[in-house]
Amino acid sequence: MPTPMQLESLSISDAVSYYYFDSGDIPGNTYTTLVFIPGMGFNGGVFRKLFPLAAAHRIRIVSLYRRDYNPTTSFRDADLAGLVSRTVEGQEGFLRSQAVDIATFLVMFAREQHIPLAEGTSGGIALMGWSLGSLHTHAVMAHLDALPHNVLSDLEKYLHTVVCHDVTGIFIGIPKPPGFSMEYWSEPDVEKRFKLFCEWVAGHFPHKNVTSGSIDDLEFYKSPDKPHSMHELSPGEFAELTSAKTFASSDTLLVTIQVDASKAMTRRAIFDPVLAEKFLPNLRVRYMCGGASPGGIVWALHELRKCLANPKPIYGPYAEKARDLKFKFQTEGNHFIFWDEPEVALEQYIATINL
């Protein structure tokens, strides 16, 4: 196991402090900072195997503990009011507030740490959303117009790329594949439900072909012959990286977000020419998925890519491709490639950023 690192903290306001791991400054020439936002049930420690490898690639890695992941500030009832309202307007308001908080964190971190400015894809920041974390990266892109001017102007100096790794269709307004269901959601016991979820999402899915775009080439049931990622961890070690409580509370609220809210967010993020021209017009957006990730994730990414030609049927009459968008369908690695094969994962991330 890598040497344990010290959690750092940054207060973005009197009310909110984020905690994070940081692989640290790299002396000498320009380096690029990758800021990771983790997925459902997992805290920033899940990316720890990448940290010892980062400096050799001139990469600095920051992995954020999202809100509700101790010791980052928990959500208050007032914070969640919009999310639990079940209205599109209320949920958009919640996503807007999270976008402002994360963008503020990026800018304050960049200022305090004196990281290099962006020069093309060198220096600066690549914002990396993994799984549910991609909801937050889309929210940042969708609500750039909500940022205070001083935050927006500095963000433009640093943020050059957003990478969404294994984004689920729920968060981009893509409906589930025909006949697809996840039976573990009906398990009433939180700990059991979280265990079933983790064993499923961390499994290896032996697809026939992840690049064809055909649903018939995708596998929706994990391989029974290959153990799921993190199977080697003791319950205590696994608990250090996770929170079943947050999985079952605010994260579950996020995965049950209204489809019209996720469509509106995605439209504003990547299919709104007016917003894209006015706010960070040079921002590059990259999507990638693993070669053995769950079939539903691979399928959703193919469906999103199809929308580039004509996003109007899903995202509305005024939607059109508005940003520099590219897709990478990896041929190896499951949803947790950064855990199973961290060197391969880091190379995949770097290549995707530079597409």
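Here the structure is shown first, and the text comes after it.
Just so it is clear, the structure is predicted and the values come from calculations on it, not from any experiment.

**Things to note about the overall build of the chain**
What the chain contains, in helices and strands, is 15 helices and eight strands. Radius of gyration (C-alpha) of the chain: 19 Å, near the 20 Å computed for a compact globule of 355 residues. Viewed in the frame of its principal axes, the chain has a C-alpha envelope of about 50 × 50 × 40 Å. Looking at the chain residue by residue over its 355 residues, the buried ones come to 57%. Considering only contacts within the chain whose residues lie at least 6 apart along the sequence, 80% involve residues at least 24 apart. Total accessible area computed for the chain in this model is approximately 14,700 Å², and 52% of it derives from carbon and sulfur atoms. Positive and negative side-chain charges in the chain, numbering 32 and 40 respectively, have mean positions lying 4 Å apart.

**Section: the side chain of His143**
Looking at where His143 falls in the secondary structure, it is placed in the loop between α4 (133-142) and α5 (149-158). Taking relative accessible area as the criterion, His143 reaches 4% and is therefore assigned buried. Once residues within four sequence positions are removed from consideration, His143 is found in contact with Glu92, Leu95, Arg96, Ala99 and Arg268.

**Notes on a negative patch on the surface**
A surface patch of negative charge is lined by Glu232, Glu237, Glu240, Glu332, Asp340, Glu341, Glu343 and Glu347. Along the chain, the position of Glu343 falls in helix α15 (residues 342-353). For Glu343, a relative accessible area of 32% translates into the label partly exposed.

**Notes on the nonpolar core**
Phe105, Tyr287, Phe336 and Phe338 are the most contacted members of the largest nonpolar core, which totals 119 residues. For this core, the element with the highest residue contribution is helix α3 (residues 88-113), accounting for 11 residues. Those residues in contact with Tyr287, other than ones at most four positions away along the chain, are His138, Cys164, Val167, Ile270, Leu301, Leu304, Leu325, Lys326, Phe327 and Lys328.

**With respect to the sheet that holds strand β1 (residues 8-11)**
The mixed open sheet is built from eight strands, whose spatial order is β1-β2-β4-β3-β5-β6-β7-β8. If you trace the sheet from one side to the other, it starts and ends with β1 and β8 (324-329), each paired once. Strand-to-strand twist in this sheet, taken as the mean axis angle between neighbours without regard to direction, amounts to 25 degrees. Here six bridges tie strand β5 (residues 125-130) to strand β6 (residues 159-165), and the two strands are oriented parallel to one another. Within the sheet, the bridge partner assigned to Trp130 lies in β6 and is His165. Running over the sheet, α4 touches β3 (32-37), β5, β6 and β7 (284-289) and is turned about 135 degrees from β5. Across the sheet, α5 is in contact with β5 and β6; its angle to β6 comes to roughly 80 degrees.

**A closer look at α3**
Between the first and last C-alpha of α3 there are 37 Å, a value that for 26 residues agrees with the 38 Å anticipated at 1.5 Å per step. Looking one or two residues past α3, His114 carries a phi angle of roughly 55 degrees, positive in sign.

**A short note on unusual backbone geometry**
The residue after Asn70, namely Pro71, is reached through a cis peptide bond having omega 10 degrees. Residue position: Pro71 is located in the loop between β4 (59-64) and α2 (77-84). Phi is positive for Arg58, which is not a glycine, with a value near 55 degrees. Examined against the element boundaries, Arg58 turns out to sit in the loop between α1 (51-54) and β4. At Asp68, a residue that is not glycine, the phi angle is positive and equals roughly 85 degrees. By secondary structure assignment, the location of Asp68 is in the loop between β4 and α2.

**Let's talk about the pattern of salt bridges**
Pairing between side chains becomes possible if they bear opposite charge and their charged atoms approach one another. Inspection of the entire model under this criterion finds 11 salt bridges. One salt bridge in this structure joins Arg60 and Asp22, with 2.7 Å as the shortest N-O distance. Of the two residues, Arg60 sits in strand β4 while Asp22 sits in strand β2 (residues 17-22), which places them 38 residues apart along the sequence. For Asp251, the salt bridge identified is with Arg66, shortest N-O distance 3.0 Å. Taken as a pair, Asp251 in helix α9 (residues 250-255) and Arg66 in the loop between β4 and α2 lie far apart in primary sequence, 185 residues in all. It is possible to trace a salt-bridge network through shared partners that takes in Arg67, Arg76, Asp79 and Asp101.

How each quantity is defined
Going along each chain's sequence as written, the residues are numbered from 1 onward. Residues qualify for local features only when their pLDDT is at least 70, as the model is predicted, and side-chain atom pairs are given and counted only at 80 or more; totals for whole chains, interfaces and linings, by contrast, use all residues. Calculation of side-chain values draws on the structure's entire complement of heavy atoms; hydrogens and water are dropped beforehand. By definition, any uninterrupted DSSP run of H or I lasting at least four residues is a helix, any uninterrupted run of E lasting at least two residues is a strand, and each is numbered from the N terminus. Our radius of gyration looks at C-alpha atoms and nothing else; its globule reference is 2.2 Å times the residue count to the power 0.38. Only protein chains enter the accessibility calculation, which uses a 1.4 Å probe; a residue is then buried when its area is under 20% of its type maximum, exposed when over 50%, and partly exposed in between. Contacts are residue-level and defined by heavy atoms, with any inter-residue pair within 4.5 Å sufficient. Here the accessible surface of atoms and residues is derived via Shrake-Rupley with a 1.4 Å probe, and residues count as covered only by protein chains that are part of the display. As used throughout, the charge tally considers Lys and Arg to be positive and Asp and Glu to be negative, leaving His and the chain termini uncounted. To locate a charge, the coordinates of NZ of Lys, CZ of Arg, CG of Asp or CD of Glu are taken. In this analysis, a patch consists of residues with relative accessible area above 30% that form no salt bridge, clustered at 9 Å for like charges and at 5 Å for the nonpolar side chains Val, Leu, Ile, Met, Phe, Trp and Tyr. Put simply, a salt bridge is a Lys or Arg side-chain nitrogen that is within 4 Å of an Asp or Glu carboxyl oxygen. Residues belong to a common nonpolar core when they are buried Ala, Val, Leu, Ile, Met, Phe, Trp, Tyr or Cys residues joined through side-chain atoms within 4.5 Å. DSSP-based pairing: two strands are paired if at least 2 bridges between them are found. Inter-axis angles, ranging from 0 to 180 degrees, are taken between N-to-C directions of lines fitted to C-alpha atoms, where helices are fitted over the stretch in contact. A helix's residues, less one, multiplied by 1.5 Å, set its expected span.

Honestly, it's all geometry; don't read function into it.
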